Amino acid sequence: MSKLSVAHGAHILVVDDDEDILRLLTMRLHARGFRVTSVASAEQALAHLAVDPPRVVISDIRLPGRDGLSLFEEVRSTRPTLPVILLTAHGNIPDAVDATSRGVFGYLTKPFDSQVLLEKIDQALQLSAPSLPRDESLPAAVAGKTDDAWQAGMIYRSSCMADLMNEARMIAVSDASVLIRGESGTGKEVLARAIHLASPRARGPFVAINCGAIPEPLLESELFGHVKGAFTGAATSRDGLFQAANGGTLFLDEIGDMPLALQVKLLRVLQERVVRPVGATQAKAVDVRLLSATHRDLDAAMAEGQFREDLYYRLDVVSLRLPRLDDRREDIPLLVAHFVQLIAAKYGKEISGFAPDALEALATAAWPGNVRQLYNVVEQSCALTSTPLIPLTLVQRALRVPTMEALSYAEARQRFERNYLVQLLKLTDGNVADAARIADRNRTEFYRLLQKHDLSPAMFRTEDENAADR
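Now for a description of the structure that goes with this document. (Residues numbered from 1 in each chain as written. Predicted model: local features only at pLDDT ≥ 70, side-chain atom pairs only at ≥ 80, totals over all residues. Heavy atoms only, no water.)

**With respect to the packing of aromatic side chains**
Then comes step 1: Applying the stated criterion across every chain, the model contains five aromatic pairs.
Then comes step 2: With 6.4 Å between their ring centres and 20° between their planes, F206 and F251 make a pair best called stacked. With F206 in strand β7 (residues 206–210) and F251 in strand β10 (residues 249–253), this residue pair connects regions lying 45 residues apart in the sequence. A single burial state applies to F206 and to F251, both of which are buried.
Then comes step 3: Aromatic pair F339 and Y375: ring centres 5.0 Å apart, planes at 80°, arrangement edge-to-face. Taken together, the residues span a long stretch of sequence, with F339 in helix α14 (residues 332–347) and Y375 in helix α16 (residues 370–384) at a distance of 36 residues.
Then comes step 4: Note on F339: relative accessible area 8%, which makes it buried.
Then comes step 5: Residue classification places Y375 among the partly exposed residues on the basis of a relative accessible area of 25%. (Phe/Tyr/Trp six-rings, centres within 6.5 Å; stacked < 30°, edge-to-face > 60°. Helix = DSSP H or I, 4+ residues; strand = E, 2+ residues; numbered from the N terminus. Buried < 20%, exposed > 50% of the residue type's maximum accessible area, 1.4 Å probe, protein only.)

Take a look at the structure:
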């Protein structure tokens, strides 16, 4: 199948005051399945842009009145992601350099090879989002204009994502457990939230937890809660996340990292629909839909005895797989436009988008970190830009920044140690004696660790306990 077939029916605006060239281009583009609007001046082109936006503009540089470069500047100011290809019978190197430095997508000299032009159009269509005005360039769901608001966080126009979201919507109405697979950074939690919002539980809570981010000794209490005195340091009773999500949805991210001992207890909750807080004698009924996600190969984990098969089949009633960003490149311009809108508001900047060559660099780069990495690159580019249209140089700079955080052993240990201390102090409400006992350290050594990480027990005490200290 030809590449061009994926863009069948795309709207192309052709601008040329030479009637023969205009007729020839229109015939050739029609033959390739494009919808073509042909006009003879920049003024006519701008009028058509306002009422019937195209996906690509092809314009002669020499036009009566306003020339092609002037038309391009007008297009860039209102629709910065709309590719413009310029044609000229008077081409020379300085003209080409000037045009491309301004952000023109393509520059061809007449007479041009039709196949070269078609390839250029195809490249432009792969990069361009549907060319709507700036505040309408996102799906209607993002703007909240349709009943598709449930999927507002999922920005896409690729067929693979459309199929996935159709399936997600169908399963959302049931109460079946869903296992979401996909590489890190593909947006598993965003998809889980969309399923929740499309479900009958949408008015209930959505609670998310990363099973790999909480130390094993604390994870059981986080999930199921504990009663006062259940263990050393349990100064008060606390509900777990299952109870917090009652009537709604609980999302367990990185379920593949859950310790085996907890997998048994989770299975019991799913079977019996009750939770027993740590130290409790009575179980409590919960009404929770469970969504889970992992980037691990759970089949391999089961074969290695690291994941229970019976739990796997409880979780994997329905399975969804998020594609890598590299497999949905046509979504990149839409994602970029969405991120620019969010980040520009965050920084209080007037940013219209990326220059065409910068957008091309984003659309063709490797994305091992997927959508999360793309967001980070867009954010850095937005933070550093001093112009409304972000240039290629800033994208190249951001892409050279390491996207995977590589910590030394000492740095990783330091980070884990601090997080562990924070979790202990939260668990014990700032009681150093109890926290030290759980950590199997004497109080003097424990205070030394707190001082090392600039942590104060008072930060974790309740108001009543702080008042008692005073």
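**Remarks on the pairing of strand β4 (residues 84–88)**
Then comes step 1: Across the five residues of β4, five count as buried, placing the element largely inside the fold.
Then comes step 2: Residues V84, L86 and T88 point to one face of β4 and I85 and L87 to the other, with burial holding for every one of them.
Then comes step 3: In this structure, strand β3 (residues 56–60) lies alongside β4, joined through four bridges in parallel fashion. When the bridges of β4 are listed, V57 appears paired with V84.
Then comes step 4: Pairing geometry for β4 and strand β5 (residues 106–109), over four bridges, is parallel. (Pairing = 2+ DSSP bridges.)

**Thoughts on the nonpolar core**
Then comes step 1: Ranked by size, the top nonpolar core spans 47 residues in total, and within it F242, L250, L252, I255, L266, F307 and F446 carry the most contacts.
Then comes step 2: For this core, the element with the highest residue contribution is helix α18 (residues 409–427), accounting for six residues.
Then comes step 3: Sequence-distant contacts of F446, defined by excluding residues within four places in its chain, comprise L421, L424, L425, V432, A435, A436 and A439.
Then comes step 4: Counting residues in hydrophobic clusters, the runner-up holds 29 residues, among them A361, L374, L389 and A398. (Core = buried A, V, L, I, M, F, W, Y, C linked by side-chain atoms within 4.5 Å. Contact = heavy atoms within 4.5 Å.)

**Focus on the packing of helix α9 (residues 216–224) against helix α11 (residues 260–272)**
Then comes step 1: As a packed pair, α9 and α11 sit with axes 11 Å apart at the nearest point and diverge in direction by 10°. One finds that α9 runs roughly parallel with respect to α11. Between α9 and α11, the contacting residues are L219, E220 and F224 on the first element and L262, K265, L266 and V269 on the second.
Then comes step 2: Of the residues in the contact of α9 with α11, the class split is five nonpolar, no polar and two charged. (Axes fitted to C-alpha atoms, helices over the stretch in contact; angles between N-to-C directions. Parallel < 35°, antiparallel > 145°, perpendicular 65-115°, else oblique. Nonpolar A, V, L, I, M, F, W, Y, C, P; charged D, E, K, R; others polar.)

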